[in-house]
Amino acid sequence: MTGPVPLCPTAHAALRYDRHAAGATRRFVRIGLSELAFAAADMPLCLAKDGQTGRFNLIALMALVEPANLFVFGGGFQATYVPRAALLGGFRLHDGGVEGLAIDPADPTLGETGEPLFEQGAPTPLPGRIRTALTEVIADMQAAQALVDRYAALRLIRSLPLSLQLAGGGEHDLAGLYTIDEAAMRALPDAALIALHRADALAPAAVMAASLAQTERLRQLHNARFAPAVDRVTLG
Amino acid sequence: MSDRTGAGDRPVRRVVVVGGGSAGWIAACRLAASAGRTGGDVAVTLVESRNVPTIGVGEGTWPTMRNTLAKIGITETDFIRSCDAAFKQGARFVGWTDGTPGDAYYHPLNPPAGATEIDMAPHWLHGREKGAGDFADWVDYQAMLCDAGLAPKSIVMPEYAGHANYAYHLDAGKFATLLRDHGVGVLGVEHVLGDVATPRMTDHGDIAALELADGRVVEGDFFVDCTGFAALLIGGVYEVPFRRCGDILFADRAMALQLPYESEDDAITCHTVATAQDAGWIWDIGLWTRRGIGHVYSSAHISDDAAEAALRRYAGPGGDALNVRRITIDAGHRTRFWQNNCVAVGLSAGFIEPLEASALMLIETSMDAIADRLPRTRAAMDVMARQFNATFTHHWMRIIEFLKLHYVLTRRTDTEFWRDNVAAASIPDGLRERLELWRHHSPGPQDFDHAREVFSWPSYQYILHGMGFASAYPRVDPASPDAATAQRFAARNARAKDELRARAPRHRDVLRAIREHGLQRV
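Residues numbered from 1 in each chain as written. Chains lettered and ligands numbered in written order. Predicted model: local features only at pLDDT ≥ 70, side-chain atom pairs only at ≥ 80, totals over all residues.

## A look at the overall build of chain B
Phase 1 of the analysis: A count of helices and strands for chain B gives 15 helices and 21 strands.
Phase 2 of the analysis: Expected size for 522 residues packed as a compact globule is a radius of gyration near 24 Å; at 24 Å, chain B falls within 12% of this value.
Phase 3 of the analysis: Buried positions account for 49% of the 522 residues belonging to chain B.
Phase 4 of the analysis: Taking the intrachain contacts of chain B between residues at least 6 apart in sequence as the baseline, contacts between residues at least 24 apart amount to 77%. (Helix = DSSP H or I, 4+ residues; strand = E, 2+ residues; numbered from the N terminus. Rg over C-alpha atoms; globule rule 2.2 N^0.38 Å. Buried ≥ 20, exposed ≤ 12 C-beta atoms within 10 Å, placed from the backbone. Contact = placed C-beta atoms within 7 Å.)

In structure tokens form, the structure reads like this:
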């Protein structure tokens, strides 16, 4: 497996970007604060710890048992909203590349189909647009991080046991997920609740909690494509 | 029942801890936290001399420390940051069996696989010819983690939890400071700086108060003697005899030095290394900022100068300019630990070479027994004292026997120290009897008197089989259900090794992440 490499007009002259292939191999994706309400229309939103820092990241869950994105089938991302980190998963900011970009050659969006990144040796407008979008999504994720840090500081996060009962009697547990602790939220003093509300931090918590109902959507998508079927999803 | 104290049902409301090292501050914090948790009206005061330096022994803990810190209310992040702490996953004993190159074995902190279901030892013994390898490696994955320098937890795990059992290496001085700040600032311990001059006694032999050198008087209902080797109360006031064990464990001196890392990215060893020497052994522990190394030795078998030379050889050129700190070990313990309304905790209760890092563990175990069951009245104290004394006399006997086990199994005959260690007169009867039993039966829970032994059968198995103790357990039928169960656990252990080898982080990387980002709390 190779890591990201700087975007280069010669080495990547024929490379194309296909947005319809985005996120095919992703089981979850980080989302930014502004995406929360949109992503909740399709996906359960929860928290998972970052492997390097241990801090909680806001994520959209897109898989259950199989290591595959349940929303990607039939040649596209079958959801009302595609998280931007999934769309841009093939790109990183990198000072040494064209338009300040590096690419992950293993990402499914990069290949022989889709929009060209270069024409006649010069960058098309696409790399510039991607650079702008990437900068925005990073800032948006930082805003989400600040919100989640605030929840963590107030001890408003709890572990989210998620257990799947499989047809035939098997069981599959998803570990490492966290969610808003609604009981702890209710127990907050009035002043702390008002402060959260004034900081626009209450509504996102409610959206996150409500989005867990989308695990049923994931169950249906799983059962349409994979066996054994998931009979029931149990959230602790 | 007669009330020989004359104190009747006087409630225990004022607890006075005397001494401010690790023992004193662990005691004060545990008592104050326990009182706070139960809503009790117990006030805790710690009296500490400005003029008595702390010994600072005990830079290695047991996994029990995770519970102790959680009970006190100190986060693992704060602990690791404040005490330069690193993780410890057990001990590796080098050169203890025959002293030849490659002679080494692990005593990991994980119990053997399937410990609650099956005794793996006979299956390992009869599987050796089929390549079962070292006992610790066959029954558990922690030796692999230690060898590979991998941590027992990752940054995404909760506080005090890991993918392997673990303890800590820590800076004892910084630990006492952290406990003091937490005890005074968070738990409400009253901190009195002053030298104890005279105890004031009741007519019935209890301590009523301590008069300090500056004339102040600290009154109390219950006193915890954490005054270290001075043993001001248990020895000075009550003259409780000290039972020495130098005839069993010969080490009576130690010298230590603190060795900086050569670079800030040097690997931090994730276990204690205990390397046998001509007349003792050298400990080597890794902290975040430095290594701590020390030579424990018998002055009857080697001179101080020769011992220091051995320590400096071990340290290498990096230790040439460093001063060694010398410690006298008067190995043994009090014949009673709790007398009247006074209990001794820490070095005042006893001291022994740190071969299995028992010093801090004994403080914690003592405070588990005291803080969680603090007598409500003076009348209840004598019953508690009898229980406590019986329990800790037993613990000390077992600790002495377990440390001696490391010496009696040696096949080394190269120095008088090792030859003397296997002399029959130096081996406690209880240990000798068990060793005879264990030639034919693997150590198991039924071999011990107490339900909660400080060293239980898994520890004995690791040492016995690590040192190649000659055992002849009944042959196991390879077609039996037990054999299948043992193979299943061995296979599970092999899978765990593969998985952790691939995903467990480097020890220093995890410590760096914790210091930088902290462990998230939920």
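Next comes the rest of the account.
## A few points about the overall build of chain A
Phase 1 of the analysis: What chain A contains, in helices and strands, is seven helices and 18 strands.
Phase 2 of the analysis: The C-alpha radius of gyration of chain A comes to 19 Å, within 12% of the 18 Å expected for a compact globule of 236 residues.
Phase 3 of the analysis: With respect to the three principal axes, the spread of C-alpha positions in chain A is 60 × 50 × 30 Å.
Phase 4 of the analysis: Per-residue burial for chain A yields a buried fraction of 36% across its 236 residues.
Phase 5 of the analysis: Long-range pairs, those at least 24 residues apart, make up 73% of the contacts in chain A with a sequence separation of at least 6.

## Description of the interface of chain A and chain B
Phase 1 of the analysis: At the junction of the two partners, chain A supplies 14 residues and chain B supplies eight residues.
Phase 2 of the analysis: Ranked by residue count, the leading element in the side of chain A that touches chain B is strand 14 (residues 157-159) of chain A, at three residues.
Phase 3 of the analysis: Taken together, the residues that form the side of chain A that touches chain B break down as four nonpolar, six polar and four charged. (Nonpolar A, V, L, I, M, F, W, Y, C, P; charged D, E, K, R; others polar.)

## Describing the environment of G149 of chain B
Residue and element names in this part refer to chain B.
Phase 1 of the analysis: Looking at the secondary structure, you find G149 in the loop between helix 6 (142-148) and strand 6 (167-169).
Phase 2 of the analysis: Between the alpha carbons of G149 and A490 there is a distance of 22 Å; along the sequence they are 341 residues apart.
Phase 3 of the analysis: When sequence neighbours within four positions are dropped, the list of residues in contact with G149 reads A267, C270, R506 and H507.

## Some words on the nonpolar core
Phase 1 of the analysis: The biggest cluster of nonpolar side chains holds 156 residues, and the ones touching the most others in it are V17, V18, A27, A28, L31, V44 and V345 of chain B.
Phase 2 of the analysis: Considering every element that reaches this core, the biggest residue donor is helix 1 (residues 22-38) of chain B, with ten residues.
Phase 3 of the analysis: Residues contacting V18 of chain B, with those up to four places away along its chain left out, are V47, V196, L210, F223, V224, D225, C226, T227, L232 and L233 of chain B.
Phase 4 of the analysis: Ranked by size, the runner-up nonpolar core spans 58 residues in total, among them A40, L61, F77 and L87 of chain A. (Core = buried A, V, L, I, M, F, W, Y, C linked by C-beta atoms within 7 Å.)

## Remarks on the pairing of strand 5 (residues 104-108) of chain B
Side-chain direction in a regular strand flips from residue to residue, so the side chains alternate between the two faces of the sheet.
All names here are of chain B.
Phase 1 of the analysis: Across the five residues that make up strand 5, a large majority, four, are buried.
Phase 2 of the analysis: Bridge count for strand 4 (residues 90-94) against strand 5 is five bridges, and the pairing is antiparallel. Directly across from A91, in strand 5, lies its bridge partner H107. (Pairing = 2+ DSSP bridges.)

## Focus on the domain arrangement of chain B
All names here are of chain B.
Phase 1 of the analysis: Per the domain assignment, the segments making up chain B are domain 1 (14-59 + 171-244 + 335-398), domain 2 (89-167 + 428-522) and domain 3 (252-328).
Phase 2 of the analysis: Each of domain 1 and domain 3 has a C-alpha centre, and these two points are 30 Å apart.
Phase 3 of the analysis: In this complex, domain 1 contributes seven residues to the contact, which on the side of domain 3 involves eight residues.
Phase 4 of the analysis: Here the side of domain 1 that touches domain 3 is composed, by residue class, of four nonpolar, no polar and three charged. (Domains from an automatic or database assignment.)

## Section: the sheet that holds strand 4 of chain B
All names here are of chain B.
Phase 1 of the analysis: With respect to topology, seven strands assemble into an open sheet ordered 5-4-14-15-16-13-17, the strand pairing being mixed. At either margin of the open sheet sits one strand with a lone partner, and together these are strand 5 and strand 17 (325-328). Strand-to-strand, the axes of this sheet are offset by a mean angle of 20 degrees, without reference to chain direction.
Phase 2 of the analysis: Across five bridges, the pairing between strand 14 (residues 272-277) and strand 15 (residues 280-286) is antiparallel. What sits directly across from T275, in strand 15, is I282.
Phase 3 of the analysis: Together, strand 4 and strand 5 form the strand contacts of helix 13 (residues 457-466), whose direction differs from that of strand 5 by roughly 175 degrees. (Axes fitted to C-alpha atoms, helices over the stretch in contact; angles between N-to-C directions.)

## Quick notes on the confidence of the model for chain B
Phase 1 of the analysis: Averaged over all residues, the pLDDT of chain B equals 93, while 97% of them reach at least 70.
Phase 2 of the analysis: Both confidence scores are given for the complex: pTM 0.88, ipTM 0.73. (pLDDT = per-residue confidence, 0-100.)

## Things to note about the packing of helix 2 (residues 64-72) of chain B against helix 9 (residues 358-371) of chain B
All names here are of chain B.
Phase 1 of the analysis: Running from N to C, helix 2 and helix 9 point in directions that differ by 45 degrees, and their axes come no closer than 10 Å. Between helix 2 and helix 9, the interaxial angle falls into the category oblique. Judged by the sense of rotation from one axis to the other, the crossing of helix 2 with helix 9 is left-handed. Mapping the contact onto sequence places T64, M65 and T68 in helix 2 and L360, M361 and E364 in helix 9.
Phase 2 of the analysis: Its residues assigned to classes, the contact of helix 2 with helix 9 comprises three nonpolar, two polar and one charged. (Parallel < 35°, antiparallel > 145°, perpendicular 65-115°, else oblique. Left-handed = near helix turned anticlockwise from the far one by under 90°.)

## With respect to helix 9 of chain B
All names here are of chain B.
Phase 1 of the analysis: In this model, helix 9 (14 residues) spans 19 Å end to end at C-alpha, consistent with the 20 Å of a helix rising 1.5 Å per residue.
Phase 2 of the analysis: For helix 9, every residue scored as buried is listed here: S358, A359, L360, M361, L362, I363, E364, T365, S366, M367, I370 and A371.
Phase 3 of the analysis: Tucked into the core, helix 9 has its buried residues touching helix 1, helix 2, strand 20 (342-344) and helix 10 (381-408). (Expected span 1.5 Å × (residues − 1).)

## Structural notes on the sheet that holds strand 10 (residues 217-219) of chain B
Residue and element names in this part refer to chain B.
Phase 1 of the analysis: With antiparallel pairing, the three strands of this open sheet are ordered in space as 8-9-10. Either end of the sheet is taken by a strand with one partner, and the two such strands are strand 8 (196-201) and strand 10. Strand-to-strand twist of the sheet, defined as the mean angle between neighbouring strand axes without regard to direction, takes the value 25 degrees.
Phase 2 of the analysis: When strand 9 (residues 207-212) meets strand 10, the two strands line up antiparallel, connected through three bridges. Note on strand 10: the bridge partner recorded for E211 is V217.

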